[in-house]
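# Survey of secondary and tertiary structure
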Amino acid sequence: MGEKLPFVTRDQLERAAAQWPTPFHVYSEKLIRERARALKAAFSWNPGFTEYFAVKATPNPTIVSILAEEGCGCDCATATELTLANACGVRGERIMLSSNDTPDEDYRRARDLGAIINLDSLDMVDCLSRALDGRLPTMVCLRFNPGGNFTASNGIIGEPEDSKFGMTVEQVMEAARRLSAMGVTEFGLHAFLASNTQVEDYYPRLARVLFELAVRLSRDLGVHVRLVDLSGGIGIDYRPEDVPVGIAAVGEGVRRVYEEVLVPAGMGDVALAAELGRWMLAPAGGLVTRVIHEKVTYHDYLGVDACASNLMRPAVYGAYHHITVMGHEGEPATKRYNVVGRLCENSDQFARDRMLPEVHIGDLLFIHDAGAHGYSMGYNYNGTLRSAELLLREDGSFELIRRAETPADYFATLDFPGSRFSALAHPEG
Ligand SMILES: *Cc1c(COP(=O)(O)O)cnc(C)c1O
């Protein structure tokens, strides 16, 4: 069982904490760049390959800009995320709108930015046409849902049948027919059938489903399929005993299916896309928190200064996040703890019955793999405030890339003309 080690040392974190108090999220520029490059290398056999980073995983402009420097685009689901992508210099077809239940104005915003629009439902064909006054982009992407269960080498890994996303095969065909009649000349196909997968054959099996559909669209309707988007869903090794997915093997697996299905059909020019969020960023970020209380009742509780507002996955999904007691890396785990936050909710526990080296008040804990779906899922329950985000630069310096919220931020939405409570957002006043 491999030991999971943080990408920072206690001394580095104490130095950062002296300037920006805990809790905070910290990201490694080095790891972000390494992962982006490894993904690019794995798909270098496909000249058009693009990773559209799923902005929702880590919507920080500094991080999105680093990824853009590495050649990544942005996968967005809302107008707000489109605005963020645009602010990071990501332009045109480097932006993908993979949304569902989409308001008209989001389509307009996507079209204005020249983004690729990925339609989630058949009725969206008419909505899109109406929203854009009939001026459709030349290229539209369609989201497929094959239904049933989705299996990989280790059994069922997803249940598309119960997923709200995507269209049936008949609906995809009908959407392509209608869009062609409206002047759309190029198509993309997209599907997201399983989340946090731990196997190397998820993408290859998904690719086969989408490639076969692409061939069918091309043969039956004579339309040009230019893009196949394998979306997100590749998982990471949250637990020490998990084996990380080998991204090179994933790329190679997809290449084999590409050569088996698309190339013989004369479709060897199809560009591939990914929309990885978790795989790209989760291991490149951690939540840093200090132990401020210990209480022993029927369990030994360590109270920390972070809570589920900073990282909700354990509370909401019972998700495992590995914890390192900084300065005690590699020491035997001899004591059993529950690591808890301050929310008035019993689910606010980062770990239950977790074996750790002996912990003392004042110790720093590093909660691993919080770089994706961590800060971004944060909320303000119990009046808790979202923490800062720091970036560990490649030269070893720290940069504040988002400040912590203050009570004024919490009260800001009460600050409007006529509000009796505006003064709450101006504590100095
Ligand atoms: C959430 C999401 C992603 C990213 O998923 P990960 O599991 O983080 O890789 C990509 N595409 C779409 C459409 C999504 O909703």
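All of these numbers come straight from a predicted model, not from anything done at the bench. (Residues numbered from 1 in each chain as written. Predicted model: local features only at pLDDT ≥ 70, side-chain atom pairs only at ≥ 80, totals over all residues. Heavy atoms only, no water.)

## Some words on the pattern of salt bridges
Opposite charge on two side chains makes pairing possible when the charged atoms of those side chains draw close. Rules: Salt bridges, as used here, are contacts in which a Lys or Arg side-chain nitrogen is within 4 Å of a carboxyl oxygen on Asp or Glu. A run of DSSP states H or I qualifies as a helix once it reaches four residues; a run of E qualifies as a strand once it reaches two. Both are numbered from the N-terminal end. The rule is simple: take the accessible area with a 1.4 Å probe, protein chains only, and divide by the maximum for that residue type; under 20% is buried, over 50% is exposed, in between is partly exposed.
Throughout the structure, instances matching the rule amount to 27 salt bridges. A salt bridge links Glu-29 to Arg-393; its shortest N-O distance comes to 3.4 Å. Here Glu-29 is found in helix H2 (residues 29-42), whereas its partner Arg-393 is found in the loop between strand E18 (388-392) and strand E19 (398-402), with 364 residues between them in sequence. By relative accessible area, Glu-29 is classed as buried at 6%. Residue classification places Arg-393 among the partly exposed positions, given a relative accessible area of 23%. Here Glu-174 and Arg-178 are joined by a salt bridge, their closest N and O atoms 3.1 Å apart.

## A word on the packing of H2 against helix H9 (residues 247-262)
Our working definition: Every axis corresponds to a line fitted to the C-alpha atoms, with the helix fit spanning only the stretch in contact, and the corresponding angles, defined between N-to-C directions, vary from 0 to 180 degrees. Our angle categories are set so that under 35 degrees counts as roughly parallel, over 145 as roughly antiparallel, 65 to 115 as roughly perpendicular, and the remainder as oblique. By the definition used in this description, the sense in which the near helix is turned from the far one sets the handedness, with an anticlockwise turn below a right angle giving left-handed and a clockwise turn giving right-handed. In this description, contact between two residues means that some pair of their heavy atoms is separated by no more than 4.5 Å.
The N-to-C vectors of H2 and H9 enclose an angle of 25°; their axes lie 8 Å apart at closest approach. Classified by the angle their axes make, H2 and H9 are roughly parallel. In this structure, the crossing between H2 and H9 has a hand that is right-handed. Together, Ala-38, Leu-39 and Ala-42 of H2 and Ile-247, Ala-248, Gly-251 and Glu-252 of H9 make up the contact between the two elements.

## Quick word on the UniProt feature "domain: Orn/DAP/Arg decarboxylase 2 N-terminal" (unreviewed entry) in the protein
Quick note on the threshold: UniProt positions are given in the numbering used here, feature names are shortened, and annotations may be inferred rather than shown by experiment.
On the UniProt side, "domain: Orn/DAP/Arg decarboxylase 2 N-terminal" (unreviewed entry) is annotated at positions that read residues 32-281 here. Measuring from the first to the last C-alpha atom of residues 32-281 gives 6 Å, for a span that is 40% helix and 18% strand.

## Overview of the UniProt feature "modified residue: N6-(pyridoxal phosphate)lysine" (unreviewed entry) in the protein
The residues that UniProt annotates with the feature "modified residue: N6-(pyridoxal phosphate)lysine" (unreviewed entry) are Lys-56. Structurally, the position occupied by Lys-56 is in the loop between strand E2 (50-54) and helix H3 (61-69). Exposure remark for Lys-56: the relative accessible area of 48% places this residue in the partly exposed category. The contact partners of Lys-56, leaving out residues within four places of it in the chain, are Glu-81, His-373 and Ser-376.

## Some points on helix H1 (residues 10-19)
The line we're drawing: The arc in question is traced by the directions running from the helix axis to the C-beta atoms.
Among all positions of H1, only Gln-12, Leu-13, Ala-16 and Ala-17 are buried. One face of H1 carries all of its buried residues, which in axial projection span an arc of 130°. Facing away from the buried side of H1, by more than 90 degrees, are the exposed residues Asp-11 and Ala-18.

## Quick notes on the pairing of strand E12 (residues 285-296)
Rule in force here: By definition, two strands form a pair when at least two bridges between them are found by DSSP.
The pairing of strand E1 (residues 24-28) with E12 spans four bridges and is antiparallel. Counterpart to Val-26 in the pairing with E12 is Gly-286. By the bridge criterion, four bridges tie E12 to strand E17 (residues 364-367) in an arrangement that is antiparallel. Its bridge partner lying in E17, Leu-287 is registered against Ile-367. Examined bridge by bridge, E12 and strand E13 (residues 300-304) share five bridges and lie antiparallel to one another. Across the sheet, the residue bridging to Glu-294 is Leu-302, located in E13.

## Some remarks on the layout of surface pockets
Put simply, the rule reads: Think of a 1 Å grid over just the protein atoms. A cavity is a set of points where a 1.4 Å probe fits yet cannot get out, a pocket is an open set with protein on both sides within 12 Å along at least five of seven lines, and lining residues have an atom within 4 Å of a point. Grid points are joined across faces, edges and corners, and a volume is the space filled by probe spheres set on the points. Amino acids outside the nonpolar list (Ala, Val, Leu, Ile, Met, Phe, Trp, Tyr, Cys, Pro) and the charged list (Asp, Glu, Lys, Arg) are all regarded as polar, and Gly is one of them. What fixes the domain bounds is an automatic or database domain assignment.
Taken as a whole, the largest pocket encloses approximately 710 Å³ of empty space. Forming the boundary of the largest pocket are 36 residues, of which Lys-56, Arg-143, Phe-165, Phe-192 and Ser-195 lie nearest the centre. Among the elements of the structure, strand E3 (73-76), helix H10 (278-281) and helix H11 (313-317) are those that each provide at least two residues to the lining of the largest pocket. When its residues are assigned to classes, the lining of the largest pocket shows 14 nonpolar, 14 polar and eight charged. Counting contributing residues, the lining of the largest pocket receives three or more from each of domain 1 (28-282) and domain 2 (283-413). Considered as a void within the structure, the second largest pocket measures approximately 420 Å³ in volume. Along its surface, the second largest pocket is lined by 23 residues, and Glu-3, His-322, Ile-323, Ala-333 and Met-355 are the ones closest to its centre. Per-element accounting of the lining of the second largest pocket gives the leading share, four residues, to strand E16 (residues 349-356).

## Thoughts on the site of the ligand
Going by this rule: Proximity is defined per residue: if any heavy atom of the residue lies within 4 Å of a molecule or strand, that residue is considered near it. In protein, a polar contact requires one atom able to donate a hydrogen and another able to accept it; more generally it is a pair of N or O atoms within 3.5 Å, and residues adjacent in sequence count only if both atoms are side-chain atoms. Surface accessibility follows the Shrake-Rupley procedure with a 1.4 Å probe radius. Residue values consider only the protein chains on display as shielding. For a molecule to be placed in a cavity or pocket, more than half of its atoms must lie within 2 Å of the grid points of that cavity or pocket.
Of all residues adjacent to the ligand, which total 14 residues, the nearest are Lys-56, Gly-233, Glu-275, Arg-278 and His-373. Between an oxygen atom of the ligand and a main-chain N or O atom of Gly-277, the distance comes to 3.0 Å. About the coverage of the ligand: the protein hides 91% of its 390 Å² of free accessible area. Judged by the fraction of its atoms near the pocket grid, the ligand is located in the largest pocket. Split into classes, the residues belonging to the shell around the ligand amount to three nonpolar, six polar and five charged.

## Considering the environment of Ala-85
Position of Ala-85 among the secondary structure elements: in helix H4 (residues 79-87). According to the relative accessible area criterion, Ala-85 is buried, its value standing at 0%. Taking the C-alpha atoms as reference points, Ala-85 and Gly-188, separated by 103 residues in sequence, lie 21 Å from one another. With sequence-adjacent residues up to four places away left out, Ala-85 is seen in contact with Cys-74, Cys-76, Val-90 and Ile-95.

## Let's talk about the environment of Asn-338
Here Asn-338 shows up in strand E15 (residues 335-340). Taking the C-alpha atoms as reference, Asn-338 lies 4.8 Å from Tyr-301; in sequence the two are 37 residues apart. With residues near it in sequence (within four places) discarded, Asn-338 still touches His-299, Asp-300, Tyr-301, Leu-302, Gln-349, Ala-351, Arg-352 and Asp-353. Among the polar contacts listed, one links the side chain of Asn-338 to the backbone nitrogen of Asp-353, at a separation of 2.8 Å.

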